[in-house]
Amino acid sequence: MEINYWAIFLSLAINLMKRYSSKLCSLILLKVYTKETQEITEYRNQLKILREEKNCINPMDNFAKYALVDRKINKLIDKLKENKSSTQSERMKITMYINVVFTIFTILLSLILIWSNYSKPVIDFSSLLDKSNMNEQSIFFPLNKMLSFPNKTGNNSIGVTAWLLIVNRFIDIIINKINSIKLLKN
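Residues numbered from 1 in each chain as written. Predicted model: local features only at pLDDT ≥ 70, side-chain atom pairs only at ≥ 80, totals over all residues. Heavy atoms only, no water.

Draft legend 1. Just the overall build of the chain, in detail. Along its length, the chain carries six helices and three strands. Mapped in sequence order, the helices and strands of the chain form the string β-α-α-α-α-β-α-β-α. Taking 2.2 N^0.38 as the reference for a compact globule, 186 residues should give roughly 16 Å; the C-alpha atoms of the chain span a radius of gyration of 30 Å, well beyond that estimate. Each principal axis of the C-alpha atoms in the chain carries an extent, and together these give about 105 × 40 × 20 Å. Every one of the 186 residues in the chain was classed for burial, and the buried ones make up 29%. In the chain, once contacts between residues fewer than 6 apart in sequence are set aside, the share between residues at least 24 apart is 69%. Of the roughly 13700 Å² of accessible surface on the chain, 63% is carried by carbon and sulfur atoms. (Helix = DSSP H or I, 4+ residues; strand = E, 2+ residues; numbered from the N terminus. Rg over C-alpha atoms; globule rule 2.2 N^0.38 Å. Buried < 20%, exposed > 50% of the residue type's maximum accessible area, 1.4 Å probe, protein only. Contact = heavy atoms within 4.5 Å. Areas by Shrake-Rupley, 256 points an atom, 1.4 Å probe, with all protein chains shown as cover.)

What follows is the structure, given as structure tokens:
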């Protein structure tokens, strides 16, 4: 039985990358894009000082000063919200770009895998069969040609495109099992 380990490893990597690209993107953003800007830090410090000042003022005795501090606090909160929304839009753009890069990378890896294994099977079961009447025997009888595609030589083999589908379904099953176990524990 001939096994193309490189194709197996690469197909697993492609499917895992495709499945978890959004989580990888979030991880990258957490590592790269976590620092607050100087402006936001300054606004937060000013807000903290103004809130402490507001707590020290009695609204009954010094209503004008209390209202003035309250308006300053509201202006700072509005500036923080505005800054936060612009920061979120920047994060969304970066997330989109990283997802596009992961998608293009996954597509390129898939094409490289299919192109490099076009004429050879990922797994060939021919060596397991009796050599005397190998042309008559077929392990995957009704699905021979479909499973061995694009490889035209092997009757008892699994081609790279079928292998990608098999790995994708295998990962789906494992993830569903893991999620159902997590749900049972909770």
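Draft legend 2. Looking closely at the sheet that holds strand 2 (residues 123-124). Judged by pairing direction, the sheet is antiparallel, and its three strands sit side by side in the order 1-2-3 without closing on themselves. Each having just a single partner strand, strand 1 (2-3) and strand 3 (157-158) make up the two edges of the open sheet. Relative to strand 3, strand 2 is paired through two bridges, and the arrangement is antiparallel. Note on strand 3: the bridge partner recorded for isoleucine 123 is isoleucine 158. (Pairing = 2+ DSSP bridges.)

Draft legend 3. Expanded view of the nonpolar core. Grouped together as the largest cluster of nonpolar side chains are 24 residues, with contacts concentrated most on Leu113, Val122, Ile123, Ile158 and Trp163. By residue number, the principal contributor to this core is helix 6 (residues 160-185), which donates seven residues. Aside from chain neighbours lying at most four places away, what touches leucine 113 is Ala7, Leu10, Ser11, Ile14, Val160 and Leu164. In this structure, Tyr43, Val69, Leu76 and Leu80 belong to the second largest nonpolar core, which totals nine residues. (Core = buried A, V, L, I, M, F, W, Y, C linked by side-chain atoms within 4.5 Å.)

Draft legend 4. Fine view of a nonpolar patch on the surface. On the surface, Met96, Tyr97, Val100, Ile104, Ile107, Leu108, Leu111 and Ile112 cluster together to form a nonpolar patch covering roughly 790 Å² of accessible area. Among the structural elements, isoleucine 107 can be located in helix 4 (residues 63-116). Taking relative accessible area as the criterion, isoleucine 107 reaches 47% and is therefore assigned partly exposed. (Patch = residues over 30% accessible without salt bridge, like charges linked within 9 Å, V, L, I, M, F, W, Y side chains within 5 Å. Salt bridge = Lys/Arg side-chain N within 4 Å of Asp/Glu carboxyl O.)

Draft legend 5. Inspection of helix 4 at higher detail. The end-to-end C-alpha separation of helix 4 is 78 Å, in line with the 80 Å expected for 54 residues at 1.5 Å each. Every buried residue of helix 4 is accounted for by Ala67, Val69, Ile73, Leu76, Leu80, Asn83, Ile98, Phe102, Thr106, Leu109, Ser110 and Leu113. On its buried face, helix 4 is in contact with helix 1 (5-19), helix 2 (21-32), helix 3 (38-56) and helix 6. (Expected span 1.5 Å × (residues − 1).)

Draft legend 6. Here's a closer look at the environment of alanine 13. Following the sequence through the fold, alanine 13 ends up in helix 1. Distance in space between the C-alpha atoms of alanine 13 and valine 167 is 10.0 Å, their sequence separation being 154 residues.

Draft legend 7. Quick peek at the packing of helix 1 against helix 6. Here helix 1 crosses helix 6 at 55°, and the two axes come no closer than 9 Å. Considering their axes alone, helix 1 and helix 6 lie oblique with respect to each other. Crossing geometry of helix 1 relative to helix 6 is assigned as right-handed. Between helix 1 and helix 6, the residues in contact are Ala7, Ile8, Ser11, Leu12, Asn15, Leu16, Lys18 and Arg19 and Trp163, Leu164, Val167, Asn168, Ile171, Asp172 and Ile175, respectively. In terms of residue class, the contact of helix 1 with helix 6 is made up of nine nonpolar, three polar and three charged. (Axes fitted to C-alpha atoms, helices over the stretch in contact; angles between N-to-C directions. Parallel < 35°, antiparallel > 145°, perpendicular 65-115°, else oblique. Left-handed = near helix turned anticlockwise from the far one by under 90°. Nonpolar A, V, L, I, M, F, W, Y, C, P; charged D, E, K, R; others polar.)

Draft legend 8. Main features of the pattern of salt bridges. By the definition in use, this model includes two salt bridges. A salt bridge links arginine 19 to aspartate 172; the nearest nitrogen and oxygen atoms lie 2.9 Å apart. Taken together, the residues arginine 19 in helix 1 and aspartate 172 in helix 6 connect sequence positions 153 residues apart. In this structure arginine 19 comes out as partly exposed when scored by relative accessible area, which is 28%. Where lysine 54 meets aspartate 70, a salt bridge forms, and the shortest distance between an N and an O atom there is 2.8 Å. In this pair, lysine 54 is assigned in helix 3 and aspartate 70 in helix 4, connecting sequence segments 16 residues apart.

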